[in-house]
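Chain and residue survey
Here is what each chain is made of, one letter per residue.
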Amino acid sequence: MNETTIVPLTVDNELYPALIQCFFIICCGYIAGQLNLLTNSHSIGLSRYISNFALPAVIFKNLVDVQFQSVSWQFLTSVLISKSLLFLITILLTYIAERPKNFASMGQYAIMSTQSNDFALILPIIQAVYKQSHPEYSRYIYLIAPISLVILNPIGLILIEIQKRLDNQRKHRERSWSCFQLISNVGGNIARNPIVICTLLGVIFNQLFQQHLPELIDGILTPLAQSFTATALFYLGLTMVGKLNRLHAHLVITVFLLSLLKLVLFPLILRQAVFFLVKPIDGNMNYTLEYSNLGFLYGTAPTAPSVMFYVPESMLGLQTIASTELVVSTLLAGPIILVSAKMINLHTLSVKLTESYEILLTKTAYDVSILSLLCTIIVLIGFCLRHRWFRVSFIHKYTFIFVGLQITLAIWTIIVHHVKQSLSFTMSAIADLGTLFTALATRTWVTSLSIALMFTICHSNEFARRYSWIYHIFGWIVPLSISLVIYFCSLANQQSKDIPELLGAGKLGKLQIILSILLLVLCILINTISLLRIARRTYRLRHDLTDHRSDQNDSNSGTNEVRPLMDDNDEEIEAPFTPKENNSLEGDTQLFRHAILVALLTIDAVICVSVLLWLLLSRDRDGIYYEIQFLDTVLLYGQGIVTFLVFALDADLLVPISRKMMKVFYCFRFNQIRSRNQNKNDETLDFECRIRPEFLHHTSLNQSSESIFNGNEFCEWLIAHNYIENELLARAYIQKLRNDQQIICLNQNIDDESDFLTNWYAFSK
């Protein structure tokens, strides 16, 4: 009997209980936090117990029992190389994209992308998946952990400490610091870490005790080790409370990119590194394949809660990003781990299972298209209500076309799904051609947007308008020409199909795969070059603007150095921004969002190229291939969801839509209920005696100017210090302070009141 025909599509009986157990305990911790059953001090005590007692006991106990002579050091080398490569990629991307340069962001993002939740979450999953076939695989988790703790994390901590000292030096110019002092401080903290100490002791006592822990010590450490998993998962759920209340576009995109690096790119890099370094035994590729699948499954582990401990308390922005990324990566890791664990045992699929999988892909494309259609409709409505965007930046005209293409792709997929079975041969071919063209056109229009962005930012709006024909040629003519070539060549070679048919890949022959790869590679190159030029040009413009402002301040210092920011009668205000400058900043924000959209969809194109290359160069179809193809299908037909996340989560699109909806609700007096609840919360707030003095103290520690503050910063500070529960109530409270003239807006945007948090304020007296 063919062995592949008996491979079940259902998960192993051990996997579902392990996943349910892990996420049930996480939910218990989250519920306990939401109900305030545990306070912040309880959470701190729980984290100290985990990091100082339970986890060191787990590591020491298992390292003593490890048989080092049977360990695959090639696999551990693959993990080291992969983590180091991802660590370096994250630092370089942060260095290129973030302006002004921030070493703390580089170090923290690199740690977040490589520090996995090894022991609490992924270890039970690996034990469940490999319980019958390879029970020894779980020991690698204890050997992998020191790679991040001892080798990579110190580099990130050094970068964070460098930024802290640079910030202190700007405030106190007389202070100086040396590299030796910095490295010695970081090295001392690492050497005193209980986890590092127990790792070294575990290796030493492994040789002393001959890979067997004495019964007396084992009896002491076993209860501590057994308490770790439940306690760590409960603490993870506890730390997730309240972390999604302060979402805005920059935060969402940063967290999404970090999660993408951690959960998608790292498994692919690790799997490929294992293939290169772990050699087959006696020509048996199964040995290499098993380790590559183990590496891929390990790579899907989410970020560990310990990354929160590396962020200094003075860096509120990094704290928000770290906590939100912890929540998002954990939520995204659940389905990714489930699908990976189900797929890694599949080496090939029988014909019957291939048909079932193709039906699953088609159904997935249909479901994602419906959701994408709803998201793109919301984006288009927001664009129409925010018609002034078309005056601020003409790029939105081409974004409008791009979103229209996404709607066309979604509608076409939905229609084809319903009428495919009843179509004739000719109509079926036209349906395939239409699907191919809309898929390619959405890819090429991303590149057209990147070219338009580069022309606009690096040259001028007039220059970008002059060469608008380039966008249309690359966006329409190129995909149409390639689609027609593929279609007519497939008609001439209908009888010869060298590659199995799967959804959207190889359906029209090998030529479709080759031309699609060439087009996508060209799009990726153009997008990457455009984004790099945009990043460099943006930094240069901001640097020049900063120099210009400093020169202006120096020239006017003689007349303004003794003049207060505000007069006592509050009638004259020295506004640091003019309305013209504010419109320019708004246009820059919109261009930034377009650049983020291009970057995200470029990653989608990279995944598509990997699927097509696998399909073209290899006839082996293991479970990882089907998982990557499934991901490519979701990203292709879910482009509208990505567009929605980029443009809508900062309230710039949702606020005008919600305004129209609130007019209906106000007719039913829902606003009275809201105002009563808001007044009840405001009564507990003491602005003059608590909020204002503490916020002034906070700004004096973190900024060079303590008189002026940003609305978003004030909103985040109110929530972080537990004065207000969420962003909605914080916005209402800040609006109340404005109405009562307790804070004064310095750069009022008359055209739009919805985004008042982006304005700059000062206290009235």
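Preceding block: the structure.
Residues numbered from 1 in each chain as written. Predicted model: local features only at pLDDT ≥ 70, side-chain atom pairs only at ≥ 80, totals over all residues. Heavy atoms only, no water.

Time to look at the side chain of Gln639. Along the polypeptide, Gln639 turns up in helix H22 (residues 639-648). Side chain to side chain, Gln639 and Thr442 meet in a polar contact 3.2 Å long. The residues contacting Gln639, other than those within four sequence positions of it, are Ser372, Phe402, Gln406, Leu409, Thr442, Leu601 and Asp604. (Helix = DSSP H or I, 4+ residues; strand = E, 2+ residues; numbered from the N terminus. Polar contact = N/O pair within 3.5 Å; in protein donor to acceptor, adjacent residues only side chain to side chain. Contact = heavy atoms within 4.5 Å.)

At a closest axis distance of 11 Å, the pairing of helix H1 (residues 15-34) and helix H12 (residues 316-343) adopts a crossing angle of 175°. Comparing the axis directions of H1 and H12 gives the class roughly antiparallel. Between H1 and H12, the contacting residues are Leu15, Tyr16, Leu19, Phe23 and Ile26 on the first element and Thr330, Gly334, Ile337, Leu338, Ala341 and Lys342 on the second. For the contact of H1 with H12, the residue count by class is eight nonpolar, two polar and one charged. (Axes fitted to C-alpha atoms, helices over the stretch in contact; angles between N-to-C directions. Parallel < 35°, antiparallel > 145°, perpendicular 65-115°, else oblique. Nonpolar A, V, L, I, M, F, W, Y, C, P; charged D, E, K, R; others polar.)

Attention now moves to the packing of helix H2 (residues 40-65) against helix H8 (residues 194-208). Across the interface, H2 lies against H8 with an axial gap of 8 Å and an inter-helix angle of 20°. For the element pair H2 / H8, the angle class is roughly parallel. Of the two possible hands of crossing, H2 and H8 adopt the one that is right-handed. Where H2 approaches H8, its residues Ser51, Asn52, Leu55, Pro56, Ile59, Phe60, Leu63, Val64 and Asp65 are matched on the opposing element by Pro194, Ile195, Cys198, Thr199, Leu201, Gly202, Phe205 and Asn206. By residue class, the composition of the contact of H2 with H8 is eleven nonpolar, five polar and one charged. (Left-handed = near helix turned anticlockwise from the far one by under 90°.)

What follows covers helix H11 (residues 285-299). Residues lying three or four places apart along an α-helix face the same way, a consequence of the helix completing one turn every 3.6 residues. With 15 residues, H11 extends 21 Å between its outermost C-alpha atoms, agreeing within 8% with the 21 Å of an ideal straight helix rising 1.5 Å per residue. With twelve of its 15 residues buried, H11 lies for the most part within the structure. By the burial criterion, the buried members of H11 are Thr288, Leu289, Glu290, Tyr291, Ser292, Asn293, Leu294, Gly295, Phe296, Leu297, Tyr298 and Gly299. (Expected span 1.5 Å × (residues − 1). Buried < 20%, exposed > 50% of the residue type's maximum accessible area, 1.4 Å probe, protein only.)

This part is about empty space enclosed by the protein. Scanning the entire structure with this criterion turns up three cavities of 30 Å³ or more. Taken as a whole, the largest cavity holds about 80 Å³ of empty space. Taken together, Phe256, Leu260, Leu600, Leu601, Ile603, Asp604, Leu635, Gln639 and Val642 form the lining of the largest cavity. With four residues, the top contributor of residues to the lining of the largest cavity is helix H20 (residues 579-617). Along the lines of polarity and charge, the residues of the lining of the largest cavity split into seven nonpolar, one polar and one charged. In this structure, the second largest cavity spans a volume of roughly 60 Å³. Lining the second largest cavity we find Thr442, Arg443, Val446, Leu520, Cys523, Asn527, Leu601, Asp604, Ala605 and Gln639. The set of elements that each furnish at least two residues to the lining of the second largest cavity consists of helix H16 (425-458), helix H19 (510-560) and H20. Broken down by class, the residue content of the lining of the second largest cavity amounts to five nonpolar, three polar and two charged. (1 Å grid on protein atoms, 1.4 Å probe; cavity = no way out; pocket = protein on both sides within 12 Å on 5 of 7 lines; lining within 4 Å. Points joined across faces, edges and corners; volume = space filled by probe spheres on them.)

Core analysis: the largest hydrophobic core is formed by 109 residues, its most contacted members being Phe75, Tyr140 and Phe228. Top element by residues in this core is helix H6 (residues 139-171). It accounts for twelve residues. If near-sequence neighbours (up to four positions away) are discounted, Phe75 is found in contact with Tyr140, Ile144, Val274, Val278, Tyr291, Leu294 and Gly295. By size, the runner-up hydrophobic cluster in this structure holds 40 residues, among which are Ile395, Trp445, Ile457 and Leu597. (Core = buried A, V, L, I, M, F, W, Y, C linked by side-chain atoms within 4.5 Å.)

A few words on the sheet that holds strand S2 (residues 743-745). Whether parallel or antiparallel, the strands of a sheet pair through hydrogen bonds between backbone atoms. One open sheet accounts for three strands, arranged S1-S3-S2; its pairing is antiparallel. Of all strands in the sheet, those bounded by a partner on one side alone are strand S1 (709-710) and S2. In the sheet, S2 pairs with strand S3 (residues 760-763) via three bridges, with the strands oriented antiparallel. Within S3, the residue paired with Cys745 across the bridge is Tyr761. (Pairing = 2+ DSSP bridges.)

What the rule picks out here adds up to 24 aromatic pairs. Ring centres of Tyr130 and Tyr137 lie 4.9 Å apart, and the angle between their planes is 65°; this geometry places the pair in the edge-to-face category. What makes Tyr130 buried here is its relative accessible area of 3%. The structure contains a cluster of three or more aromatic residues connected by ring pairs, namely Tyr398, Trp445, Phe455, Phe463, Tyr467, Trp469, Tyr471 and Trp476. (Phe/Tyr/Trp six-rings, centres within 6.5 Å; stacked < 30°, edge-to-face > 60°.)

Before going further, it helps to spend a moment on a nonpolar patch on the surface. On the surface, a cluster of nonpolar side chains totalling about 400 Å² of accessible area is made up of Tyr30, Ile31, Leu35 and Leu37. Topologically, Leu37 is positioned in the loop between H1 and H2. A residue is classified by how much of its surface remains accessible, and Leu37, at 57% relative accessible area, is exposed. (Patch = residues over 30% accessible without salt bridge, like charges linked within 9 Å, V, L, I, M, F, W, Y side chains within 5 Å. Areas by Shrake-Rupley, 256 points an atom, 1.4 Å probe, with all protein chains shown as cover. Salt bridge = Lys/Arg side-chain N within 4 Å of Asp/Glu carboxyl O.)

Turning to H8, a few remarks are in order. Here H8 is 15 residues long and its end C-alpha atoms lie 20 Å apart, about the 21 Å a rise of 1.5 Å per residue gives. Of the positions making up H8, those classed as buried are Ile195, Val196, Cys198, Thr199, Gly202 and Asn206. Taken together, the buried residues of H8 touch H2, H6 and helix H7 (179-191). Where H8 begins, the capping side chain belongs to Asn193, and its oxygen is found 2.9 Å from the backbone nitrogen of Ile195. Residue Gln210 follows H8 closely and has a positive phi angle near 60°.

By themselves, these observations are geometric and do not establish any function.
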